[in-house]
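Structure assessment
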Amino acid sequence: MASSRQIKQTHGHVRIAVNTFTSANMDEYQMWAQIAKKYTVHEETYLLTRNMLASGFKPYNELGLEKARQQVNERIKMQTPVTDYSGDEWEVIVPSPYSKDGIPVTVFKPSSAPEVPAIFVYFHGGGLLVGNRKLCEGGLKIFARDSGAIVLNVEFRLLPDPIFPLAPFDDGVIVTNWVLQNKEAVGGHPHSKVGVGGDSGGGSLAASVTNDVRGLDFQVLVYPMTDTTLSSPTIQEFAECPIMRAAELKWFLDTMMAHIPDYNSNPRVNLMARTNTGDSPPALMILSELDPLKGCGLDYADKLRAAGVSVECEIIKGVPHVFFMLRDVFKTKSAEAYAHVVKYLKKFQ
């Protein structure tokens, strides 16, 4: 059996117990055994774990930032199932005061778009550290195709950035404000409703945008990190989860926030520090049942509701963080989650 040891790590006011081990002699069922005592782990979750073991996938905190980015980029090349999509696809460059080259955005306008389509601005996952818009391209085509909405895929700058410490947050605001003022430039109508969304770090970014941009009609947040203090009980509950262990989550947060010393009190970064939550648009939140971030997502949903914001919250059973855009592995569970997104987008057509 794999050797294990307990490490106590302090993050802010939170002590996290991290169980690290070598998985060389463990199979995917053994790795999920403790969690499976309380939850039903879906077979697609076991399949992902099996694939990761077979491919030699390493946790990001063991790789460091550059190698982590390389690993994700290789995964993007391998995980792109063909998407049946009918419609237009083009790129626009949104002007930015932070870059002479602007912010690249891919536009998907499906042939199913109505006369006044909704416009959905989407930010990819990767903890604001890794990945690019290719990571979610196939999923966004499905959202567009099945809902009729115009979907925009944003290539925002990544963290950490010592010169522009809030780079992705600034890019999110710039793109969203530009879209609100230029709906027809992306194939929309002057009366098109506009919303933002994203998964993981992209979900956090989308929620942050609603802190600074007025006039939005909806938001779709997929397992976002909404509390940088890591104080939710599910952080402890899933500290040994094979996908997104506590040590890996802490690495993400420490690396992201390297140049943002006030991140726990900054409402653009820590959503639970917001004081203007009542200005938020209606929300759909999709969470993974087996995810350390599940608790902070539920807490943020409660915060929105307490401020009078309409929130629909769906917890996808038996799956971990990262499942949403891994359509090649989570064939049924990603489809389940996508159906919620499509149904929600149709409300704004």
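In what follows, the accompanying structure is described.

Criteria and cut-off values
Residues numbered from 1 in each chain as written. Predicted model: local features only at pLDDT ≥ 70, side-chain atom pairs only at ≥ 80, totals over all residues. Heavy atoms only, no water. Helix = DSSP H or I, 4+ residues; strand = E, 2+ residues; numbered from the N terminus. Expected span 1.5 Å × (residues − 1). Buried < 20%, exposed > 50% of the residue type's maximum accessible area, 1.4 Å probe, protein only. Contact = heavy atoms within 4.5 Å. Phe/Tyr/Trp six-rings, centres within 6.5 Å; stacked < 30°, edge-to-face > 60°.

Thoughts on unusual backbone geometry
Omega for the peptide link from Leu159 to Pro160 comes to -5°, which places this bond in the cis form. Position of Pro160 among the secondary structure elements: in the loop between strand E6 (150-154) and helix H7 (167-181). A positive phi angle is found at Tyr223, which is not glycine, with a value near 30°. Tracing the chain through its elements places Tyr223 in the loop between strand E8 (218-222) and helix H9 (233-237).

Description of helix H8 (residues 201-212)
The end-to-end C-alpha separation of H8 is 17 Å, in line with the 16 Å expected for 12 residues at 1.5 Å each. Across the 12 residues that make up H8, a large majority, 11, are buried. Regarding H8, the residues found buried are Gly201, Gly202, Gly203, Ser204, Leu205, Ala206, Ala207, Ser208, Val209, Thr210 and Asn211. On its buried side, H8 packs onto strand E5 (119-123), H7, strand E7 (194-199), E8 and helix H11 (294-306).

Details of the packing of aromatic side chains
Evaluated as defined, the whole model comprises 21 aromatic pairs. For the pair Tyr223 and Phe323, a centre-to-centre distance of 6.0 Å together with 65° between the ring planes defines the contact as edge-to-face. Here Phe323 lies in the loop between strand E10 (311-320) and helix H12 (331-346) and Tyr223 lies in the loop between E8 and H9, a separation of 100 residues in the sequence. The two residues Tyr223 and Phe323 agree in class, both being buried. Within the aromatic cluster, the residues linked to one another by ring pairs are Phe120, Tyr122, Phe143, Phe218, Tyr223, Phe323, Phe324, Phe330, Tyr338, Tyr344 and Phe348.

Some details on helix H10 (residues 246-256)
Of all 11 residues in H10, 10 are buried, a share of seventy percent or more. Residues of H10 that are buried include every one of Ala246, Ala247, Glu248, Leu249, Lys250, Trp251, Phe252, Leu253, Thr255 and Met256, and no others.

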